[in-house]
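The chain contents come next:
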Amino acid sequence: MKLEVRGIHKQYANAGAPHTVLSDVSLTVGEGQYVTLLGPSGCGKTTLLNIVAGFIAADRGTIRVAEREVSKPGPDRGFIFQSYALFPWMSLADNVRYPMKRQGVPKDEREKRLDDLLSMARLDGKGHLYPHQLSGGMKQRTAVVRALAGRPQVLLMDEPFGAVDFQMRLMMQEEMERLWLKNRTTVLMVTHDVQEAIYMSDRVIVMSGHGGRIMADLPIDLPRPRERRGEIYHQYEDQLIDLLQQAFVDGERP
Amino acid sequence: MADSEGSAAARVRDREILDGTRVLGGGRKRSWWWLLSIAIVFAIWQFAAYSYDSVLLMPPPLDALAALWRAVRDPEILLNMGITIKRVLIGFSIAMLIGVPLGYLMGYSQRASAVIDPLINTLRQIPIMAWVPLSIVWFGLGDGPTIFIIAFVGVFAVILSTIAGVRSIPKDYYDAARSMGAGRLQILTNVILPATVPDIITGARLALGAGWGSVICAEFIATSAGFGYVMVRAQTQLETGTLMALMLMAALVGFTIDRGLIKLNHSLAKWRFAE
Ligand SMILES: Nc1ncnc2c1ncn2[C@@H]1O[C@H](COP(=O)(O)OP(=O)(O)OP(=O)(O)O)[C@@H](O)[C@H]1O
Ligand SMILES: [Mg+2]
């Protein structure tokens, strides 16, 4: 479903010197689009995503999911945390069942969806394991299918591949693309990695380093499943690196 | 917080607490070194008994063990042990019933914590045995003052552990639950309760340990029944061997209670110990 962000303002009252993190941010993610938010550290990406999720309140502006205005967190927006936030006291399967239970999905339907999701994420036969018994990649896949289990209209992700090494990161991105191609959920993902943004997204939205504005909105026109090479890929790379540099310089100016 | 769902640090802490008792518990790494330490204690004891050469001051270990064997079959001693255990369990239950809800409240609400914290910290500074005379004034002799002492000494451990448990829940867990459709009540029952079970059991172990540690002392003064009373009687009758046997019995009971709670932790928070 479509996600619309309109005129979002957010200020923090940092000890008398108010700090504007987001000023009049608007963006739209079309149905079934994979959009990433790219920007220098501290530019307000997490803040914006948390406002969309309803975890924190904006000072001004509206969020609409499928034309319906939202302000609190809800199962219409699935969230994948950088820490994954799997419940350690629940087995993998119970973690994935949790959003379905909260939404009152009947038991038969629930177990069927669980089996489908686990096999989609290549986690069959692992359902009885607890989170601390899973590898980083398995945790990430569990977090993805847990978020998908509630059939959200929009999937929000805050640097879901941030906490792992390079090789693992590439593997997780490919895994995520594979899962997404099967579902085509509307996605808004935060990253500060240029290659990741190009590899994953239909569109990359670049935020400026200061003042919380959107600097550029770049469609990525590459066939899927994607490859990390080719002339066009590298053109996008150059273009985004330039934009990020600009965004960074933008941040230097008060 | 990168590995928040693993609670790795908490797990390690649990393991370390466990390690202190694993030697007798038959965990994976069964070790027999404890036999050596017991042998050393008995050797020193035997040597001391030999040097003093007085059954009154220092009966030899074998005499004490024989007295222990008599004591564990003596119905009167067992009855008094039962009285003491009952007091401990009642006092401990009161400590839990008051401490856990208060701990949740203080862990969850900064304001409640700001109000209650100074009160608790003040009360905590009064040595527990200093309460005995006043508790006799309030409750008379017998069960009343002992139960009061046990509940009082235990409640702080329960409160502090529960607060620590609530405060160590990552904010992401609350957000995750809310974004999956959980309401306030479900956040309490599905997130806060299970996440704090291990800390509450840690608090329970401390409370029971402290309760067991102070009840006997309270019974010296405030009662005419119970294990402490039996000990005072053995002392006045100059039965030092029996006295030592009773001390060993007290240690065994304390140890058994603690093992029971570790077992309970394993079954209530089995997610932490899955290999
Ligand atoms: N609770 C808060 N109180 C005050 N200031 C805050 C708070 N949360 C965030 N900020 C500030 O808002 C700005 C944006 O933070 P945010 O976490 O959204 O950045 P980010 O783009 O996600 O950065 P990163 O890429 O490092 O994760 C930062 O300058 C930060 O210091
Ligand atoms: Mg961030």
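About the cut-offs
- Residues numbered from 1 in each chain as written.
- Chains lettered and ligands numbered in written order.
- Predicted model: local features only at pLDDT ≥ 70, side-chain atom pairs only at ≥ 80, totals over all residues.
- Heavy atoms only, no water.
- Helix = DSSP H or I, 4+ residues; strand = E, 2+ residues; numbered from the N terminus.
- Buried < 20%, exposed > 50% of the residue type's maximum accessible area, 1.4 Å probe, protein only.
- Contact = heavy atoms within 4.5 Å.
- Areas by Shrake-Rupley, 256 points an atom, 1.4 Å probe, with all protein chains shown as cover.
- Near = heavy atom within 4 Å.
- Polar contact = N/O pair within 3.5 Å; in protein donor to acceptor, adjacent residues only side chain to side chain.
- Domains from an automatic or database assignment.
- Buried area = accessible area lost by both parts, 1.4 Å probe.
- Salt bridge = Lys/Arg side-chain N within 4 Å of Asp/Glu carboxyl O.
- Core = buried A, V, L, I, M, F, W, Y, C linked by side-chain atoms within 4.5 Å.
- 1 Å grid on protein atoms, 1.4 Å probe; cavity = no way out; pocket = protein on both sides within 12 Å on 5 of 7 lines; lining within 4 Å.
- Points joined across faces, edges and corners; volume = space filled by probe spheres on them.
- Nonpolar A, V, L, I, M, F, W, Y, C, P; charged D, E, K, R; others polar.
- Phe/Tyr/Trp six-rings, centres within 6.5 Å; stacked < 30°, edge-to-face > 60°.
- Lys NZ or Arg CZ within 6 Å of the ring centre and 35° of its normal.

Enquirer: Could you give an account of the overall build of chain B, naming the residues involved and the relevant values?
Expert: When helices and strands are counted, chain B shows 11 helices and zero strands. When the helices and strands of chain B are read in sequence order from the N terminus, they spell out α-α-α-α-α-α-α-α-α-α-α. Every one of the 275 residues in chain B was classed for burial, and the buried ones make up 46%. For chain B, the share of sequence-separated contacts (at least 6 apart) that also reach a separation of at least 24 residues comes to 71%. As presented, chain B carries roughly 14400 Å² of accessible surface, and 69% of it is formed by carbon and sulfur atoms.

Enquirer: How would you sum up the site of ligand 1? Please name residues and give values.
Expert: Residues and elements named next belong to chain A. Lining the immediate environment of ligand 1, one finds 13 residues, of which Ser41, Gly42, Lys45, Thr46 and Thr47 sit closest. Between ligand 1 and the protein, one listed contact pairs an oxygen atom with a side-chain N or O atom of His19 at 3.3 Å. Expressed as a share of its isolated accessible area of 640 Å², the protein-covered part of ligand 1 is 62%. Every element with two or more residues in the shell around ligand 1 is listed here: β2 (19–29) and α1 (45–53). Looking at which element gives the most residues to the shell around ligand 1, the answer is α1, with three residues.

Enquirer: Please set out the domain arrangement of chain A residue by residue, giving values where relevant.
Expert: Residues and elements named next belong to chain A. When the domains of chain A are assigned, the result is domain 1 (3–76 + 152–252) and domain 2 (89–149). Here domain 1 meets domain 2 over a buried area of about 1100 Å², counting both sides, of which 68% is carbon and sulfur. The tally of links from domain 1 across to domain 2 stands at one salt bridge. In this structure, Arg122 engages Glu175 in a salt bridge whose closest nitrogen and oxygen atoms are separated by 3.5 Å. Joining domain 1 to domain 2, the criterion identifies two residue pairs in polar contact (both at pLDDT 80 or more).

Enquirer: Mind laying out the nonpolar core, listing which residues take part and the relevant values?
Expert: As a rule of thumb, nonpolar side chains are buried together in soluble globular proteins. If you look at the biggest cluster of nonpolar residues, it comprises 78 residues, and the most contacted ones within it are Leu3, Leu48 and Phe87 of chain A together with Phe227 and Leu246 of chain B. Looking at this core, the element that brings in the most residues is helix α9 (residues 184–222) of chain B, giving 11 residues. Other than its neighbours up to four places away in sequence, Leu48 of chain A contacts Val5, Ile8, Leu22, Val25, Leu27, Leu37 and Met207 of chain A. Counting residues in hydrophobic clusters, the runner-up holds 36 residues, among them Tyr34, Met100, Ala143 and Ala149 of chain A.

Enquirer: Requested: an account of empty space enclosed by the protein, with residues and values cited.
Expert: Applying the stated criterion to the full structure yields two cavities of 30 Å³ or more. Of the pockets and cavities examined, the largest cavity occupies roughly 90 Å³. Every residue along the wall of the largest cavity is listed here: Pro75, Gly78, Phe79, Pro99, Gln103, Arg146, Ala147, Gly150 and Pro152 of chain A together with Ala176, Ser179 and Met180 of chain B. Of all the elements in the fold, those that place two or more residues in the lining of the largest cavity are β6 (77–80) and α4 (136–149) of chain A together with α8 (171–179) of chain B. Class assignment for the residues of the lining of the largest cavity results in seven nonpolar, four polar and one charged.

Enquirer: Just give me the short version of the pattern of salt bridges, but keep the residues and values in it.
Expert: For the structure shown, the criterion picks out 23 salt bridges over all chains. Residue Glu174 of chain A pairs with Arg228 of chain A through a salt bridge whose shortest N-O separation is 3.5 Å. Placement of Glu174 of chain A in helix α5 (residues 166–183) and of Arg228 of chain A in the loop between β10 (214–219) and α7 (231–252) is noted, with a sequence separation of 54 residues between them. What makes Glu174 of chain A partly exposed here is its relative accessible area of 40%. As a salt-bridge pair, Glu219 of chain B and Arg87 of chain B come within 2.8 Å of each other at their nearest N and O atoms. Of the two residues, Glu219 of chain B sits in helix α9 while Arg87 of chain B sits in helix α4 (residues 75–108), which places them 132 residues apart along the sequence. Counted as one network, the salt bridges with shared partners bring together Arg68, Asp76 and Arg77 of chain A.

Enquirer: A description of the environment of Arg64 of chain A should follow, citing residues and the corresponding values.
Expert: All names here are of chain A. Checked against the element boundaries, Arg64 lands in strand β4 (residues 60–65). For Arg64, a relative accessible area of 28% translates into the label partly exposed. Between the alpha carbons of Arg64 and Thr28 there is a distance of 9.5 Å; along the sequence they are 36 residues apart. Apart from the residues lying within four places of it in its own chain, the contact partners of Arg64 are Lys2, Leu3, Glu4 and Glu69.

Enquirer: Please give an account of the packing of aromatic side chains that cites residues and values.
Expert: Remark: the centre distance and the inter-plane angle together describe each pair of aromatic rings, the angle taken between the planes. Counted by the stated rule, this structure contains 20 aromatic pairs over all chains. Considering the side-chain rings of Phe87 of chain A and Tyr173 of chain B, the 5.8 Å spacing of their centres and the 85° angle between planes classify their relative orientation as edge-to-face. With Phe87 of chain A in the loop between β6 and α2 (92–102) and Tyr173 of chain B in helix α8, this residue pair bridges two chains. The exposure class assigned to Tyr173 of chain B is buried, which follows from its relative accessible area of 2%. Taking 6.5 Å as the distance between ring centres and 50° as the angle between the ring planes, the aromatic pair formed by Trp131 of chain B and Trp138 of chain B counts as tilted. Residue classification places Trp131 of chain B among the buried positions, given a relative accessible area of 11%. The ring of Phe87 of chain A has Arg146 of chain A sitting right over it, with the charged end atom 5.3 Å from the ring centre. The ring of Tyr199 of chain A has Arg228 of chain A sitting right over it, with the charged end atom 3.8 Å from the ring centre.

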